[in-house]
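Coordinate analysis (summary)
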Amino acid sequence: MMKSFFAACAAVSLFSMVSAAEVQTKEGKCVLQESNGFDKDKVVQVEVGKVVKGTCKFYLSDFFGKKIINANIDIKNTADKPMHCHYYVAFFSESGELIGCAGQGSFSKEGLAAGEKTMLGSCLIPVPEGFHEKAVSYKITFYEDEKQIGKK
């Protein structure tokens, strides 16, 4: 009986040492405004991440003549080792209809070095005229792990 108990404790300890991806989801209301990204009063900001800290910035802007929803994220690895992350964001109408979405993550096998900062700057969402104003809420999923996201 006691032997089974210690075996179970050892198994739990071993299992808890195995790295598992951290996942965080957030959602909320938003009013998207025209901005260059630097005017904090016109940018919706959402903080995500436990170790890879991210600041999501949502606003409308012009991108090579196209009006887009800009949903880029600035990230910083606060761990003392390389980390990987992946970020997904979607915008919805009042009735829950998907307006647009984007995703991007760390892009090298090595991940984001300890203390490194970068911007995931490809989260640009072009939508047809008149749809920008319909985006009134967002949902975010943010993954972080020591391994590349999606790798076994």
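Criteria and thresholds
- Residues numbered from 1 in each chain as written.
- Predicted model: local features only at pLDDT ≥ 70, side-chain atom pairs only at ≥ 80, totals over all residues.
- Heavy atoms only, no water.
- Helix = DSSP H or I, 4+ residues; strand = E, 2+ residues; numbered from the N terminus.
- Contact = heavy atoms within 4.5 Å.
- Areas by Shrake-Rupley, 256 points an atom, 1.4 Å probe, with all protein chains shown as cover.
- 1 Å grid on protein atoms, 1.4 Å probe; cavity = no way out; pocket = protein on both sides within 12 Å on 5 of 7 lines; lining within 4 Å.
- Points joined across faces, edges and corners; volume = space filled by probe spheres on them.
- Nonpolar A, V, L, I, M, F, W, Y, C, P; charged D, E, K, R; others polar.
- Pairing = 2+ DSSP bridges.
- Phe/Tyr/Trp six-rings, centres within 6.5 Å; stacked < 30°, edge-to-face > 60°.
- Buried < 20%, exposed > 50% of the residue type's maximum accessible area, 1.4 Å probe, protein only.
- Lys NZ or Arg CZ within 6 Å of the ring centre and 35° of its normal.
- Axes fitted to C-alpha atoms, helices over the stretch in contact; angles between N-to-C directions.
- pLDDT = per-residue confidence, 0-100.
- Core = buried A, V, L, I, M, F, W, Y, C linked by side-chain atoms within 4.5 Å.

Within the protein, the regular secondary structure consists of one helix and 10 strands. Starting at the N terminus and walking to the C terminus, you meet the elements of the protein as α-β-β-β-β-β-β-β-β-β-β. Intrachain contacts of the protein at a sequence separation of at least 6 include 66% that bridge at least 24 residues. About 9500 Å² of surface is accessible on the protein, with carbon and sulfur atoms providing 57% of the total.

Now for the layout of surface pockets. The space that makes up the largest pocket amounts to roughly 160 Å³. Lining the largest pocket we find Asn36, Gly37, Phe38, Thr55, Lys57, Tyr59, Asn70, Asn72, Ile73, Asp74 and Met119. For the lining of the largest pocket, the elements supplying multiple residues, two or more each, are strand S3 (52-63) and strand S5 (73-77). A class-by-class count of the residues in the lining of the largest pocket yields four nonpolar, five polar and two charged.

Inspection of the sheet shows strand S6 (residues 84-92) paired to strand S7 (residues 98-105) by seven bridges, in the antiparallel sense. Counted as the bridge partner of Phe91 is Gly100 from S7. Hairpin connection between S6 and S7: a loop of five residues separates the two successive antiparallel strands, and Gly96 in this loop has a positive phi of roughly 95°.

This model, assessed by the stated rule, comprises four aromatic pairs. Here the aromatic rings of Phe63 and Phe64 are separated by 4.8 Å at their centres, their planes lie at 80°, and the arrangement is edge-to-face. A residue is classified by how much of its surface remains accessible, and Phe63, at 37% relative accessible area, is partly exposed. In this structure, Lys134 packs its charged tip against the face of Phe131, placed 4.5 Å from the ring centre. Lying over the aromatic face of Phe92, Lys139 brings its terminal NZ or CZ to 5.4 Å of the ring centre.

Strand order in this open sheet of four strands is S1-S10-S6-S7, and the pairing throughout is antiparallel. For this open sheet the edge positions go to strand S1 (22-29) and S7, each flanked by a neighbour on one side alone. Strand-to-strand twist of the sheet, defined as the mean angle between neighbouring strand axes without regard to direction, takes the value 10°.

This part covers the confidence of the model for the protein. Across the protein, the average pLDDT comes to 88, with 88% of residues at 70 or higher. Contacts of residues 1-18 to residues separated by more than four positions or lying in other chains number zero contacts, the stretch itself having pLDDT below 50.

Among all residues save glycine, negative phi is the norm, and among peptide bonds the norm is trans. The backbone of Phe64 shows a phi angle near 50°, a positive value even though the residue is not glycine. Inspection of the secondary structure puts Phe64 in the loop between S3 and strand S4 (66-70).

Let us look at the nonpolar core. With 30 residues, the main nonpolar core has Phe58, Tyr87, Phe91 and Ile140 as its most contacted residues. Elements that contribute at least two residues to this core include exactly strand S2 (44-48), S3, S5, S6, S7 and strand S10 (137-145).

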